[in-house]
Amino acid sequence: MMCSSIKAVAALAMLSVWPLAAQAESSRINNSPDYVMMNPSSRTGLDLSGSWAWSIDPYRDGLSGFHGGEAGIGHRRFDPVDVEAATRDDPAALFEYDMRNAERTTLPGSWNTEADSLRHYNGLMWYTRNFSHQTRNESRYFIRIEAANYTSRLYLNGAFIGSHEGGFTPATYEVTQQILNGSNDITIGVDSARTPLSVPPPVTDWETYGGITREVRLIEVPQTFIDDAWVRLTRDGRVAATVQLNGIDGSGQSVYVKIPELELTLTGKTDVNGVFDTTAVVPKDLVRWSPENPKLYPVIVTAGHDTLNERIGFRTIEVNGLDILLNGEPIFLRGISMHEEELGIAPARVMSEASARALLTEIKEGLNGNFVRLAHYPHSESTLRLADEIGLLVWSEVPVYWLIEWENEATLHTASSMLAESIHRDRNRASIILWSVANETPVSAARNRFLKTLISDARRLDGTRLVTAALLTSQSESDGIVEVHIDDPLAEWLDVMSVNTYNGWYGDMPLANVHALRWTNEHGKPLLFSEFGAGALAGFHDPSMKRKFSEDYQAEYYRQTLAMAEQIPSLRGMSPWILKDFQSPRRQHPVYQNGWNRKGLISETGRRKEAFYILAHHYAELESHVPP
Ligand code: GCB
């Protein structure tokens, strides 16, 4: 239960920022996004990445006046005004901004590492640019913002188009009415401030990076277009397709879902809601997707004047007793966790394909892994597509992290919308096998209700994957033996139980005792170690293994924890914390941390630590024991 003073703080904080889940409420059905806009980068349009003017606005002057209410004319950064000319024309005019003469930055990007003065800035930033456009009457136009952290407002040619809450999922807005033939001014206000009602809340253990960290695109589609096309292999062994059209000719429209390599076409007509849903027998020569053979098939969906191209892998994932079955065969998940943060000394969460490839390759080839936990929020679509291509199984999660306002309906709405946006965006990705709804959340009746809602949302939106959450555990001791128990009542609701465990790093258990810990699992379900880890500054050694932050201590921590893991009969995988050292304002030890969480197996610049080789060796052994 939140105490009322925290609630009061939350209420006050809500007044000062404009995000607000409630704004989005009216326009959404079942918390699903208004538009899915499947595979946006394959669409005709204009990539608006590149140079944008920007203006910091810590007092949110561009949004409201000094007594509240609407911002005055001289303050509205989103008005497409040539301030210089307006001031020349009217000597009485007063503008306290000038976007055309403002500094410029490059998007996608975060401001946090752009300048020292912005390192810990949390607030509103305005971004503006101009683009030219040729309107075609037969088309509809959309602006898609892949990620703006934490809330964003879009304006086109001075008109307010809409707002979005959540820093890791896309927002898609139709602008057919507002876009001009010729010159257009687009402005996005991004506010990185979060309140206790936000998801995640203000306190986390990672850098949350304010800014527009993924692409912004103008997208052109026909009047009636394929908004969503979900093509998959069902557990009962059929190819299924669900296609959603959007537009005036959506109902009664013929749809074709072609997989040329398999000589398979699923066809039929949409219903009154523009939905076409069907299944077909799996062709005998279908090659199932797996980490060993990440086979992707080109899939072409056509309906009316629209065509959508996808590349899709087909596989099944299910649980049988204590086993996780991939394509019907038991699998052990040899994984690692990863934040969305590129290698380098001043990362800005600009996860280009090359940056993602460097990290995923280190997992697959360096660590001999087959699994990655993409922590603690939905990562960019291009990273997921890369995991499909490289052959890495994926855990994807929403940032329901630590202490959420469990009793607040708007917060539940925010989390549930994020989950829906993430599942709609990514459910064609064969790599994703697990949707996780929470990380290390304290047990209470309100929290259980909140998370059960998310679990059933995930199952309703996607019945083909497994649902999990990273849970906390309790410990007891008798006759000198320490036992760890998974007594979180949520376990009952999950397909796979996952726990984070840090004995030997946090708490007072001596490192030498960790291997002897015993685990109980009365739930009859597979268990994953979603996290375990210890910090080490690359290059700092202490052969006695006594000093925390030495590579030697971290290496011994891995030896001890892996020895413990080997004794757990229901353990079906792990994603230790974490691949790379990452920025976290919580971590300020002046010698070892300086703003970095040092639990990486590689440093921020990619230098491998000793523990890297221990895990890589362990995974190589596990891999060699896999039955042929
Ligand atoms: C955890 C959290 C993760 C932290 C990690 C740590 O349990 O889930 O976000 O970064 O521990 O380093 O303490």
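These numbers come from a predicted model, not from an experiment.

**Structural notes on the domain arrangement of the protein chain**
- Assigned domains of the protein chain: these are domain 1 (12-222), domain 2 (238-315) and domain 3 (327-625).
- A straight line from the C-alpha centre of domain 1 to that of domain 3 covers 32 Å.
- Taken together, the contact between domain 1 and domain 3 spans 41 residues of the former and 46 residues of the latter.
- Summed over both partners, the interface of domain 1 with domain 3 buries about 3800 Å², with 56% contributed by carbon and sulfur atoms.
- Among the residues domain 1 hides against domain 3, the three largest losses belong to Val199, Asp205 and Trp206. Together they make up 19% of the total.
- Counting the contacts that link domain 1 with domain 3 gives three salt bridges.
- Note that Asp205 is salt-bridged to Arg586, the shortest N-O span being 4.0 Å.
- At the boundary of domain 1 and domain 3, one finds 20 residue pairs in polar contact (both at pLDDT 80 or more).
- Of all the secondary structure elements, the ones that give two or more residues to the side of domain 1 that touches domain 3 are α2 (21-25), β6 (109-110) and β11 (159-165).

**Details of the side chain of Asn31**
- Following the sequence through the fold, Asn31 ends up in the loop between α2 and β1 (45-47).
- With relative accessibility at 17%, the residue Asn31 sits in the buried group.
- Polar side-chain contacts of Asn31 include one of 3.2 Å to the side chain of His413.
- If we ignore the near neighbours within four places in the chain, the residues touching Asn31 are His413, Ser416, Ser417 and Ala420.

**A word on the sheet that holds strand β20 (residues 275-281)**
- Spatially, the three strands line up as an open sheet ordered β16-β17-β20, and their pairing is antiparallel. Lying at the two open borders of the sheet, with one neighbouring strand each, are β16 (225-233) and β20. Taking the axes of each pair of neighbouring strands and ignoring which way they run, one obtains an average angle of 15° across the sheet.
- As paired elements, β16 and strand β17 (residues 238-246) share eight bridges and run antiparallel to each other. The residue bridging Ala229 from the neighbouring strand is Val243, located in β17.

**Re the site of the ligand**
- The local shell around the ligand holds 14 residues, among which Asp205, Tyr401, Glu440, Tyr506 and Lys599 are the closest.
- His376 places a side-chain nitrogen or oxygen 2.6 Å from an oxygen atom of the ligand.
- Asn597 places a polar side-chain atom, nitrogen or oxygen, 2.9 Å from an oxygen atom of the ligand.
- Computed on the free molecule, the ligand has an accessible area of 320 Å², of which 97% lies beneath the protein chains in the complex.

**Regarding the pattern of salt bridges**
- For the structure on display, the rule yields 40 salt bridges.
- Put simply, Arg429 and Asp388 hold a salt bridge, and the shortest N to O gap is 2.9 Å. Of the two residues, Arg429 is situated in the loop between α6 (409-426) and β29 (432-439) and Asp388 in helix α5 (residues 381-390); the sequence distance between them amounts to 41 residues.
- The buried category is assigned to Arg429, whose relative accessible area is 0%.
- Exposure remark for Asp388: the relative accessible area of 1% places this residue in the buried category.
- Because the salt bridges share partners, they merge into one network encompassing Glu310, Glu381, Arg385, Asp388 and Arg429.

**Details of the nonpolar core**
- Formed by 90 residues in total, the largest nonpolar core has its most connected members in Leu367, Val400, Phe450, Leu454, Trp519 and Phe529.
- Looking at this core, you find at least three residues from each of domain 1 (12-222) and domain 3 (327-625).
- Ignoring anything within four residues of it in the chain, the contact list for Phe450 reads Val400, Ile404, Glu405, Trp406, Thr411, Leu412 and Ala415.

**Overview of the confidence of the model for the protein chain**
- Predicted confidence across the protein chain gives a mean pLDDT of 94, with 95% of residues reaching 70 or more.
- Taken element by element, the predicted model of the protein chain shows its lowest mean pLDDT in helix α1 (residues 4-16) (33) and its highest in strand β28 (residues 393-397) (99).
- Contacts from residues 1-29, a stretch scored under 50 in pLDDT, to residues over four places away or in other chains number 46 contacts.

**Some words on the packing of helix α4 (residues 353-366) against α5**
- Running from amino to carboxyl end, α4 crosses α5 at an angle of 40°, the nearest separation of the two axes being 10 Å. On the basis of their axis angle, the class for α4 and α5 is oblique. Considering only the axes of α4 and α5, their crossing is right-handed. Residue-level inspection shows Glu353, Ala356, Arg357, Leu360, Thr361 and Lys364 of α4 in contact with α5, the latter providing Thr383, Leu386, Ala387, Glu389 and Ile390.
- Of the residues belonging to the contact of α4 with α5, the class tally is five nonpolar, two polar and four charged.

What counts and how
- Residues numbered from 1 in each chain as written.
- Predicted model: local features only at pLDDT ≥ 70, side-chain atom pairs only at ≥ 80, totals over all residues.
- Heavy atoms only, no water.
- Domains from an automatic or database assignment.
- Contact = heavy atoms within 4.5 Å.
- Buried area = accessible area lost by both parts, 1.4 Å probe.
- Salt bridge = Lys/Arg side-chain N within 4 Å of Asp/Glu carboxyl O.
- Polar contact = N/O pair within 3.5 Å; in protein donor to acceptor, adjacent residues only side chain to side chain.
- Helix = DSSP H or I, 4+ residues; strand = E, 2+ residues; numbered from the N terminus.
- Buried < 20%, exposed > 50% of the residue type's maximum accessible area, 1.4 Å probe, protein only.
- Pairing = 2+ DSSP bridges.
- Axes fitted to C-alpha atoms, helices over the stretch in contact; angles between N-to-C directions.
- Near = heavy atom within 4 Å.
- Areas by Shrake-Rupley, 256 points an atom, 1.4 Å probe, with all protein chains shown as cover.
- Core = buried A, V, L, I, M, F, W, Y, C linked by side-chain atoms within 4.5 Å.
- pLDDT = per-residue confidence, 0-100.
- Parallel < 35°, antiparallel > 145°, perpendicular 65-115°, else oblique.
- Left-handed = near helix turned anticlockwise from the far one by under 90°.
- Nonpolar A, V, L, I, M, F, W, Y, C, P; charged D, E, K, R; others polar.

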